[in-house]
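Listed below are the residues making up each chain.
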Amino acid sequence: QVQLVESGGGSAQAGSSTTLSCAATDDNFNSRSMGWLRQAPGKEREFVAGVQWSGGRTIYADSVKGRFTIYRDNAMKKLYLQMNNLKPEDTAVYYCAASRGSFGSYSAVYDFDCWGQGTQVTVSS
């Protein structure tokens, strides 16, 4: 069973940077694509970024492209999201997510069937 635990959220000023981490308990982590989703108050959960199982390919939502970087450490079974130039509209609960099965797609919310408890990121102007 896949278990995901996020850390690194908190409060930040607009324009600053922070990095989220996710620790995975998953025997198949090295063959599973991963991603970050987020949900703001009153809004639906949305895709933020995804990374291929090998770490060699990534994809981003237009709203974060050029500011966020997703990467993974397969040896440590960890996933990261580096967030630069934060904006108030980035305020949300961020979820680490695992794709369906091995070598799955990783570009939309429906590609992921398991996520952690979430970590709050609040950006003030």
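Anything mentioned here points back to the structure above.
Residues numbered from 1 in each chain as written. Predicted model: local features only at pLDDT ≥ 70, side-chain atom pairs only at ≥ 80, totals over all residues. Heavy atoms only, no water.

(A) How the structure looks around the state of the cysteines. By the definition in use, this model includes one disulfide. In this model Cys 22 forms its disulfide with Cys 96; the gap between the sulfur atoms is 2.1 Å. Measuring the twist about the S-S bond at about -70 degrees, one finds the Cys 22-Cys 96 disulfide to be left-handed. Note that Cys 22 is positioned in strand β3 (residues 18-25) and Cys 96 in strand β9 (residues 92-99), a separation of 74 residues in sequence. No disulfide involves Cys 114; its sulfur sits 8.4 Å from the nearest other cysteine sulfur, which is in Cys 96. Overall, the relative accessible area of 18% leaves Cys 114 in the buried class. (Disulfide = S-S within 2.5 Å. Helix = DSSP H or I, 4+ residues; strand = E, 2+ residues; numbered from the N terminus. Buried < 20%, exposed > 50% of the residue type's maximum accessible area, 1.4 Å probe, protein only.)

(B) Representation of the pattern of salt bridges. The full count for this structure, using the stated rule, is five salt bridges. Beyond isolated ion pairs, a larger network of salt bridges with shared partners links Arg 38, Glu 46, Arg 67 and Asp 90. (Salt bridge = Lys/Arg side-chain N within 4 Å of Asp/Glu carboxyl O.)

(C) Main features of the environment of Gly 66. With respect to the helices and strands, Gly 66 occurs in the loop between β6 (58-60) and β7 (68-73). For the pair Gly 66 and Asn 84, spaced 18 residues apart in sequence, the C-alpha to C-alpha distance is 8.7 Å.

(D) Fine view of unusual backbone geometry. You will see that Lys 77, though not glycine, has its phi angle at about 55 degrees, which is positive. Structurally, Lys 77 is set in the loop between β7 and β8 (78-83). Positioned with a positive phi, Asn 85 is a non-glycine residue whose angle comes to about 50 degrees. Inspection of the secondary structure assignment puts Asn 85 in the loop between β8 and β9.

(E) How the structure looks around the sheet that holds strand β1 (residues 3-7). If you trace the four strands from one edge of the open sheet to the other, you get β1-β3-β8-β7, paired in antiparallel fashion. Edge positions in the sheet fall to β1 and β7, since each of these pairs with one other strand and no more. Taken over all neighbouring pairs, the strand axes of this sheet differ in orientation by 15 degrees on average, direction set aside. Judged from the six bridges that link them, β7 and β8 form a sheet pairing that is antiparallel. What sits directly across from Tyr 71, in β8, is Tyr 80. (Pairing = 2+ DSSP bridges. Axes fitted to C-alpha atoms, helices over the stretch in contact; angles between N-to-C directions.)

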